[in-house]
Amino acid sequence: MTYASLKPVSQAFVQRKRLIFVRVAAVLAVLLLFLTKPALSEGSNGHETLEFLGFCLVLACVAGRLWSILYVGGKKNEELVSTGPFSMSQNPLYFFSTVGAVGIGLLYGSLVAAAVLGVASFLIFRVTARKEAEYLLGKFGPAYSAYIKTTPRFWPNPLLYRDDDQLQFSTRALKRTFFDGLYFLAIFPAIELIEYLRQTGLLFPAFFTLY
């Protein structure tokens, strides 16, 4: 089913349930780290390579979210934003968040964890994006219909990029997004701490191995 078949709704999608679900999933993911260990040993070339790639993806996530919020911060569901990152993707914030989720899995040194976190994030944000699309279609009508016909729903297309000469943004939204990004960055020292505690015998042995 495409967005063209969506039925407009009168009220904006309430995101509280989605935020609660994401936070619960994050807590469960951290708890899972205590029960598992990566197949690649700490310090090995393979493990260090995955960590480096994961860290790069997390940085891209934080930078991408900050870039996106410059355009939509304080205006989401109020204005139809179609420039900057939103000219390449209808949902750049969700795209970069999914990139960050994959990065967290790689930081842990596990391709399986990266795949699971990436797919879970994609599915969660897909549902959220659809609900938001229903609202935006009802609010902006033909303008939004034209926008979604030419702009990818999730995966960005750099060839479509266009921008305005001037940009006004919400410093409050930018600050909030910056602090949200710190949660992604905080995962790295948390993973390193868990690995250190396990190596020193201060943490109980892992029950499962993730590849």
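Scroll up for the structure.
Within each chain, residues carry numbers counting from 1 in the order of the written sequence. Local features in this predicted model are restricted to residues whose pLDDT is 70 or higher, and side-chain atom pairs enter the listing and the counts only when it is 80 or higher, whereas totals over whole chains, interfaces and linings include all residues. Only hydrogens and water are removed before side-chain values are computed, so all heavy atoms of the structure are retained for them.

## A closer look at the packing of aromatic side chains
Counted only if it meets this: Within 6.5 Å between ring centres, the rings of Phe, Tyr and Trp (the latter by its six-membered ring) count as paired, and their orientation is classed by plane angle as stacked under 30 degrees, edge-to-face over 60, tilted in between. Working definition: helices are DSSP H or I runs of at least four residues, strands are E runs of at least two. Numbering for both runs from the N terminus. With a 1.4 Å probe rolled over the protein chains alone, any residue whose accessible area is under 20% of its type maximum counts as buried; one over 50% counts as exposed, and the rest are partly exposed.
As enumerated under the stated definition, the model contains nine aromatic pairs in all. Pairing tyrosine 94 with phenylalanine 125 gives two aromatic rings, centres 4.8 Å apart and planes at 5 degrees, and the pair type is stacked. Residue tyrosine 94 is found in helix 3 (residues 92-107), and its partner phenylalanine 125 is found in helix 4 (residues 111-140); the two are separated by 31 residues along the sequence. Note on accessibility: tyrosine 94 and phenylalanine 125 belong to one class, buried.

## With respect to the nonpolar core
Heads up, the condition is: Residues enter a nonpolar core if they are buried and are Ala, Val, Leu, Ile, Met, Phe, Trp, Tyr or Cys, with the set joined through side-chain atoms within 4.5 Å.
With 15 residues, the main nonpolar core has Ile69, Val72, Val81, Phe86, Leu136, Tyr144 and Tyr147 as its most contacted residues. Elements represented by at least two residues in this core include exactly helix 2 (45-72), helix 4 and helix 5 (142-150). Of all the elements, helix 4 adds the most residues to this core, at five residues.

## With respect to the layout of surface pockets
Condition: Using a 1 Å grid laid over the protein atoms alone, points where a 1.4 Å probe fits but cannot get out form a cavity; open sets with protein on both sides within 12 Å along at least 5 of 7 lines form a pocket; any residue with an atom within 4 Å of a point counts as lining. Grid points are joined across faces, edges and corners, and a volume is the space filled by probe spheres set on the points. Each residue gets one label: Ala, Val, Leu, Ile, Met, Phe, Trp, Tyr, Cys and Pro are nonpolar, Asp, Glu, Lys and Arg are charged, and the others, such as Gly, are polar.
Of the pockets and cavities examined, the second largest pocket occupies roughly 160 Å³. Every residue along the wall of the second largest pocket is listed here: Thr36, Lys37, Pro38, Leu40, Ser41, Glu42, Tyr108, Ile194, Glu195, Arg198 and Gln199. At the level of elements, strand 1 (36-38) and helix 6 (171-199) are the ones that each hand at least two residues to the lining of the second largest pocket. The element best represented in the lining of the second largest pocket is helix 6, accounting for four residues. Here the lining of the second largest pocket is built from residues that sort into four nonpolar, three polar and four charged.

Take it as geometry only, folks, not as evidence of what the structure does.
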